[in-house]
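Each chain is listed here by its residues.
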Amino acid sequence: MRIHIAADHAGFELKSALVDRLTADGHDVIDHGAEHYDAQDDYPAFCLSAGEAVVAEPGSLGIVLGGSGNGEQIAANKVRGVRAALAWNETTARLARQHNDANVVALGARQHSEEEAVTIVQAFLAESFSGDPRHQRRIDQVAAYESR
Ligand SMILES: O=C(CO)[C@H](O)[C@H](O)COP(=O)(O)O
């Protein structure tokens, strides 16, 4: 699967670990920065770039990383067509796909061990949208608002 990943300084180390792990899992991972560790960098441009790439390439998924994942989720969700979910355990990661058809997952690198974060991301990537009409209806309502 094609995966677009992005992180600021707080998620930088986890991003490197995820690029290695997900590539080893057979995914095609595109890194949208940060390219280097810079303790003063800002997350929006990286997350917006990953979000735009996900929307431009249907079927791909995105991962945005920061200290909490909150700002990264907020930024990614500004891209029309992005449904970014903040996942904080395997269940919320799976539900983001099953119920919300999330195409981007946000994670707080300061909230998890590396192993925990990898497991959460792998759970997100392995899950599919249920296609249940009640979930689709709700997603469509949000999309209708977004396209006004
Ligand atoms: O999680 C984040 C945004 O939601 C950022 O990674 C976090 O705010 C960065 O903090 P600092 O500049 O103090 O390292």
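Everything quoted here is computed from the prediction, not taken from an experiment.

## Brief notes about the packing of aromatic side chains
Part 1 of the argument: One pass over the structure, following the stated rule, counts 1 aromatic pair.
Part 2 of the argument: Centroid distance Phe12 to Tyr37: 6.2 Å. Interplanar angle 70°. Geometry classified as edge-to-face. In this pair, Phe12 sits in helix H1 (residues 12-24) while Tyr37 sits in the loop between strand S2 (28-31) and helix H2 (44-56), placing the two residues 25 residues apart along the sequence.
Part 3 of the argument: In this structure Phe12 comes out as buried when scored by relative accessible area, which is 17%.
Part 4 of the argument: Look at Tyr37 and you get exposed, because its relative accessible area is 54%.
Part 5 of the argument: Taking the ring centre of Phe124 as reference, the NZ or CZ of Arg97 above it sits at 5.8 Å.

## Quick look at the UniProt feature "binding site: D-ribulose 5-phosphate" (unreviewed entry) in the chain
Part 1 of the argument: UniProt marks Asp8, His9, Gly67, Ser68, Gly69, Asn70, Gly71, Asn100, Arg110, Arg134 and Arg138 with the feature "binding site: D-ribulose 5-phosphate" (unreviewed entry), using the numbering shown here. Annotated residues spanning 131 residues; largest pairwise C-alpha distance 38.5 Å, indicating distribution over more than one region.
Part 2 of the argument: Considering the arrangement of structural elements, one finds Gly67 in the loop between strand S3 (61-66) and helix H3 (70-76).
Part 3 of the argument: Beyond its immediate chain neighbours, meaning those up to four positions away, Gly67 contacts Asp8, Ala10, Glu72, Gly108, Ala109, Arg110 and Gln111.
Part 4 of the argument: Among the structural elements, Arg134 can be located in helix H6 (residues 133-146).
Part 5 of the argument: Judged by its relative accessible area of 35%, Arg134 falls in the partly exposed class.
Part 6 of the argument: Reaching out from Arg134, the side chain makes a polar contact with the side chain of Asp132 at a distance of 2.9 Å.

## Structural notes on the nonpolar core
Part 1 of the argument: Ranked by internal contacts, the top residues of the largest apolar core, which has 25 residues, are Leu18, Leu22, Ile63, Leu65, Leu107 and Phe124.
Part 2 of the argument: Looking at this core, the elements with two or more residues in it are strand S1 (2-7), H1, S3, helix H4 (90-98), strand S5 (104-108) and helix H5 (114-126).
Part 3 of the argument: A total of 7 residues in this core trace back to one element, the largest contributor, which is H5.
Part 4 of the argument: Apart from residues lying up to four places away in sequence, Leu107 is in contact with Val64, Leu65, Gly66, Ser68, Gly69, Leu86, Ala87, His112, Ala117, Ile120 and Val121.
Part 5 of the argument: The next biggest cluster of nonpolar side chains, apart from the first, holds 15 residues, and it includes Phe12, Ala50, Ala84 and Val104.

Cut-offs applied
Residues numbered from 1 in each chain as written. Predicted model: local features only at pLDDT ≥ 70, side-chain atom pairs only at ≥ 80, totals over all residues. Heavy atoms only, no water. Phe/Tyr/Trp six-rings, centres within 6.5 Å; stacked < 30°, edge-to-face > 60°. Helix = DSSP H or I, 4+ residues; strand = E, 2+ residues; numbered from the N terminus. Buried < 20%, exposed > 50% of the residue type's maximum accessible area, 1.4 Å probe, protein only. Lys NZ or Arg CZ within 6 Å of the ring centre and 35° of its normal. UniProt positions renumbered as here; feature names shortened; annotations may be inferred. Contact = heavy atoms within 4.5 Å. Polar contact = N/O pair within 3.5 Å; in protein donor to acceptor, adjacent residues only side chain to side chain. Core = buried A, V, L, I, M, F, W, Y, C linked by side-chain atoms within 4.5 Å.

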